[in-house]
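# Commentary on secondary and tertiary structure
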Amino acid sequence: MTEPAASATSVLEATPPRFTPAEVSAIALELFGIDGEARELGSERDQAFMIDDGDAGGVVKISNLGEDPEVLDLETAAILHIGRADADLPVARPQLPLGLTDESDPASYRPTTDGPEGRHFVRLFERMPGRAAAPGSDLDDRALRAYGETLARLGIALRGFFHPRAGRSFLWDTKNALGLRPLVSSIPDPRHRAIVDGLLDRYEQRVTPAWPRLRSQVIHGDFALDNALLDDRDRVVGIIDFGDIVHSALATDLASSLSSVLRTRDEEDVFRAARLLIDGFQSRVGLEPLELELLPDLLAARLCTIVSISAWRVISYPENAEYIQAWDPGSWMLLNLFDRVGMDMVAQELGAERPRVASAELAKRRRQALGSAITALTYSEPVHVQRGEGPWLFDADGRRLLDVYNNVPVVGHCHPRVTEAVVRQTRTLNTHARYLYEPLMDLAERLIAAMPDGSGLDTVVVVNSGSEANDLAWRIAKARTGGSGALVTDFAYHGVTTVIAEVSPEEWPAGYRPHGVETVAADDTTRLGAETAAAVGRLRDRGVAPAAAYLDGGFTSDGVRTPAPADVAAMVDGWRDAGGLFVGDEVQAGHGRTGDHMWSFQGFGISPDFVTLGKPMGNGYPVAALITRADLMDRFAETTDFFSTFGGNPVAARAAIAVLDVIRDERLMENAAVVGEALRDRLRDVAARHPVLGDVRGRGLLIGVDVVDTDGAPDGAAAGRIVDGLRQRGVLVGRTGPHSNVLKIRPPLVFADEHAVLMADTLAAVLAES
Ligand code: PMP
């Protein structure tokens, strides 16, 4: 058999010390002044004795002759560090020998004694309360989670710790798993050998290349049940052995705890128990995706380490076989289980990402599970998205798609500020608005401050969707006006609730018009005032008094329009004069998209009674808001106590605040103005060369481009082909307007010039080909 590298195994190769209990009693008295009977505890490479002096007692450890004193100092320094970092962690501390008082010098804690074969270091540790885990009895679910949490705390307490010898090379460190290869031939059963060989191959392929990227620090290295003392509820009350401490990947610490806790479980319970322990760990320290992906391989490597070292050592120390092989049966149970279910499945069971599903299969499942009313997938070849970053989406094949379509990720897909705000708050607290917490007030006050001076918009209700905000506005408007009539543009969309679907003509079936709803044509916006007067007249004729008019300041569903301020003012004034209230629906055009103002209504010089926000507000986290005046709210409150369970929860509030912060910090409104203008110029250049493109219009980064036939009439079919052609070339654009012939361009506001160039060039390429 080939021997492993000496540096990794010197402690394993050297003969363990063989002092008798009587000798150890004498040594303990001489060195530490502790007088009691010694009882030997099991150990693989050292000797450990419990000294019972009738009082607190202690544990004496006599080191192997191969032990490096600096490694003992590393252990001691780490324990002292943990005491400073987390004094409540129940770590057994070393005791100073007689005559020494320098508590800060780790070397003070290791006097020596001479044995027949040489000089051994001797340490005395405080005796911890608790008992060893009862053999064969498993931790219950709460104890499992608590165990994981204690391990995570241990890791946190060691984060700031460094010692040069922590870089030692050591076969028990999973980092050296491939150093086990020469030992594998000691495993007697060829089938077992094949399992270990296969797992080491897999380790070499998957873990070795990723190792440089795994989060690493000094870790305990063996937080196993054998190194823990438990109370009567199986909670850890003593951590007793730092002999495997090393600088390594943090996830290997979790792997060694798992290997210890799982090996006594019933097979059917292994993965469930593992997940609970991992939950406990993650209650303190979230695992990174790479750690979750590799955790099963690290766990398997740990088990391979156990069985390989034991097979190798038992040849040299047959008399200690019982101790050396104590963990083998459970380890083989796990290794056999992993072999049977396959490591990819083990990874999934432990929480790694599930494998991707083919797009066609996913579409079929979507149709089956979500039913027929759910909106159709966009594009002839649907986009199967995996992740997003800034203005980019990445599909299942890893292909990058420029997102010129989505106004929800206003500050860019997965912006770190928003993501972290959500994750942090989710970890800390998420509850509802019947309790006090700061984020909701911070958000409400930010929104009020963001309304124009003198608008009187001083009251905020945070809800969960644009629909809900518009719905609430409707209820308040009805309470205030006593009316039930609504006015909207003739292809508007304002949401999904029963009431708001009625004011969303875009969604009406052909020939449908609710009794109380009137519309104004939006294609010729100079007529908005006159259309409003006529609409009010029609309502009056039907005996309907005005309640609320809704206007999306971007006219997004109407094909993106840019009316003159006076024309919008004429609409609002005409409606108000008839007794109605006015809702500025900023769900599409708010949050700086129009480039000129934070809210699109400001560009029209009008002052709404209600402002509704949604889509971009949480950059994808569901959060929306209604902002109105206290007098309107007070009237509503006379008859209503409003509560929406998720509305304004702390996480939603944090997301919304982060979005406002990023828009400010990255000057995204200004960016929308500049890049939007440049993009329109480029699109006009393309339109000049391709008659299928007509008018190019918009404000900021909300842009509409007409697609027309040779007579200049709207051509929805051609627009559909263009949008599909862009999608094929990696640019995502939508369609809007009553004829679906308007290219809807509303990218995240982090859109830069280079993206505008790519967008316009790609459009030109699509048109050149058609
Ligand atoms: N108002 C406008 C202008 C919208 O575009 C939308 C959504 N497209 C809504 C309201 C409804 O918002 P939500 O989908 O969040 O209910």
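Here, residues in each chain are numbered from 1, in the same order as that chain's written sequence. Side-chain atom pairs in this predicted model are given and counted only at pLDDT of 80 or more, local residue features only at pLDDT of at least 70, and totals for whole chains, interfaces and linings cover all residues. Each side-chain value is derived from all of the structure's non-hydrogen atoms; neither hydrogens nor water enter the calculation.

### A few points about the sheet that holds strand β21 (residues 693-699)
Either a parallel or an antiparallel arrangement is found when strands of a sheet pair, and the pairing is made through backbone hydrogen bonds. Keep this limit in mind: Should DSSP find at least two bridges between two strands, the strands are taken to pair. Counting from the N terminus, the helices are DSSP H or I runs at least four residues long and the strands are E runs at least two residues long. All axes are obtained by fitting lines to C-alpha atoms, using only the stretch in contact for helices, and the reported angles, taken between N-to-C directions, cover 0 to 180 degrees. Contacts are residue-level and defined by heavy atoms, with any inter-residue pair within 4.5 Å sufficient.
If you trace the four strands from one edge of the open sheet to the other, you get β21-β22-β25-β24, paired in antiparallel fashion. The open sheet is flanked by β21 and β24 (734-736), the only strands paired with a single partner. Each strand of the sheet is rotated relative to its neighbour by a mean of 30°, with strand direction disregarded. Sheet topology note: the β21/strand β22 (residues 702-707) ladder contains five bridges and is antiparallel. Bridge pairing in β22 links L693 to V707. With respect to the sheet, helix α23 (residues 716-728) is in contact with β21, β22, β24 and β25 (742-745), its orientation differing from that of β24 by roughly 165°.

### A short note on the environment of V488
Note on placement: V488 falls in strand β15 (residues 485-489). Separated by 17 residues in the primary sequence, V488 and P505 have C-alpha atoms spaced 8.2 Å apart. Excluding anything up to four places from it in sequence, V488 contacts H494, V503, P505, V517, E518, T519, V520 and Y550.

### A closer look at the pattern of salt bridges
How we decide: Throughout this description, the term salt bridge denotes a Lys or Arg side-chain nitrogen within 4 Å of a carboxyl oxygen of Asp or Glu.
The final tally for this structure, using the stated rule, is 45 salt bridges. Linking R265 and D138 is a salt bridge whose minimum nitrogen-to-oxygen distance equals 3.9 Å. Residue R265 is located in the loop between α7 (250-262) and α8 (270-282), and its partner D138 is located in the loop between β6 (118-126) and α4 (141-158); the two are separated by 127 residues in the primary sequence. Across the salt bridge formed by D297 and R202, the nearest N and O atoms sit 2.6 Å from each other. Separated by 95 residues along the polypeptide, D297 in helix α9 (residues 289-316) and R202 in helix α6 (residues 190-210) bring together distant segments of the chain.

### Looking at the environment of F223
Using the following cut-off: Only protein chains enter the area calculation, which uses a 1.4 Å probe; residues under 20% of their type maximum are buried, those over 50% are exposed, and those in between are partly exposed.
Among the structural elements, F223 can be located in the loop between β7 (216-219) and β8 (228-230). Its relative accessible area of 0% is what places F223 among the buried residues. For the pair F223 and S259, spaced 36 residues apart in the sequence, the C-alpha separation amounts to 9.9 Å. Residues in contact with F223, not counting those within four places in the same chain, are Y147, T150, L151, L154, A228, V236, I239, S256 and S257.

### Overview of the domain arrangement of the protein
Accessible area lost upon the coming together of the parts serves often as the stated size of an interface. Formally: For each domain, the first and last residues come from an automatic or database assignment. Computed with a 1.4 Å rolling probe, the buried area is the accessible surface lost when two parts are put together, summed over both parts.
When the domains of the protein are assigned, the result is domain 1 (13-126), domain 2 (161-349), domain 3 (364-411 + 667-770) and domain 4 (438-665). Inter-centroid distance (C-alpha atoms) of domain 3 to domain 4 is 26 Å. Each side of the interface is counted separately: domain 3 has 28 residues, and domain 4 has 33 residues. Summing both partners gives a buried area of about 2,400 Å² for domain 3 against domain 4, and 58% of it is carried by carbon and sulfur. Salt-bridge contacts for R699 lead to D596; the nearest nitrogen and oxygen are separated by 3.0 Å. Secondary structure elements with two or more residues in the side of domain 3 that touches domain 4: α22 (668-689), β21, β22 and β25.

### Some remarks on the side chain of D253
Short version of the rule: Working convention for charge: Lys and Arg count positive, Asp and Glu count negative, and His plus the chain ends are omitted. Polar contact is defined as a pair of N or O atoms within 3.5 Å, subject to the rule that within protein one atom must be able to donate a hydrogen and the other to accept it, and that residues adjacent in sequence are counted only when both atoms are side-chain atoms.
In this structure, D253 sits in helix α7. It is R302 that comes nearest to the buried, bridge-free D253 among opposite-charge side chains, at 7.4 Å. Only 3.3 Å separates the side chain of D253 from the backbone nitrogen of H220, close enough to count as a polar contact. When residues no more than four places from it in sequence are discounted, the contact partners of D253 are L151, I219, H220, G221 and D222.

### As for the site of the ligand
Rule in force here: Proximity is defined per residue: if any heavy atom of the residue lies within 4 Å of a molecule or strand, that residue is considered near it. Computed by Shrake-Rupley with a 1.4 Å probe, the accessible areas treat only the displayed protein chains as cover when residues are assessed. Under the convention adopted here, Pro, Cys and the residues Ala, Val, Leu, Ile, Met, Phe, Trp and Tyr are nonpolar, Asp, Glu, Lys and Arg are charged, and Gly plus all remaining residues are polar.
Around the ligand sit S465, G466, S467, N470, Y493, H494, G495, D552, D585, V587, Q588 and K615, and those are all the residues in its vicinity. D585 places a side-chain nitrogen or oxygen 2.6 Å from a nitrogen atom of the ligand. Within the complex, the protein chains bury 83% of what would otherwise be the 390 Å² of accessible surface of the ligand. It is helix α16 (residues 466-481) that provides the largest number of residues to the shell around the ligand, a total of three residues. Here the shell around the ligand is built from residues that sort into two nonpolar, seven polar and three charged.

### Focus on the pairing of strand β5 (residues 112-115)
By the alternation rule, side chains of β5 split into T113 and G115, which are all buried, and T112 and D114, of which none is buried. In this sheet, β6 lies alongside β5 in antiparallel orientation, the contact comprising four bridges. When the sheet's bridge partners are listed, D114 is paired in β6 with R119.

### What about the side chain of S557?
Its location among the elements puts S557 in the loop between β17 (546-552) and α19 (565-577). In contact with S557, other than residues within four places in its own chain, are F491, A492, Y493, E506, D552, T736, G737 and P738.

### Description of the sheet that holds strand β23 (residues 731-732)
Pairing in this open sheet of four strands is mixed, and the strands run β11-β12-β13-β23 from one edge to the other. In the strand order of this sheet, the two ends are held by β11 (385-389) and β23, each with one partner. Here strand β13 (residues 400-403) runs beside β23; their pairing, made up of two bridges, is parallel. Opposite D403, over in β23, you have L732 as the bridge partner. The strands touched by helix α24 (residues 753-769) are β12 (392-395), β13 and β23; relative to β13, the strand with the most contacts, the crossing angle is about 100°.

### Describing the confidence of the model for the protein
The line we're drawing: The predictor's confidence in any single residue is recorded as pLDDT, a number from 0 to 100.
Mean pLDDT for the protein: 95, with 98% of residues reaching 70 or above. Scored below 50 in pLDDT, residues 1-8 shows 17 contacts in the model against residues more than four places distant or in partner chains.

### Quick word on the packing of aromatic side chains
Just so we agree on the cut-off: Centres within 6.5 Å make a pair out of two Phe, Tyr or Trp rings, where for Trp the six-membered ring is used; the pair is then stacked when the planes are under 30 degrees apart, edge-to-face when over 60, and tilted otherwise. Consider the ring centre and the ring normal. A charge sits over the ring if Lys NZ or Arg CZ is within 6 Å of that centre and within 35 degrees of that normal.
The full count for this structure, using the stated rule, is four aromatic pairs. An angle of 20° between the planes, with centres 6.2 Å apart, marks the rings of F271 and F338 as stacked. Taken together, the residues F271 in helix α8 and F338 in helix α11 (residues 328-341) connect sequence positions 67 residues apart. Judged by its relative accessible area of 11%, F271 falls in the buried class. Taking NZ or CZ as reference, R400 lies 3.6 Å from the ring centre of W392, over its face. Note that R746 overlies the ring of Y405, its terminal NZ or CZ placed 5.3 Å from the centroid.

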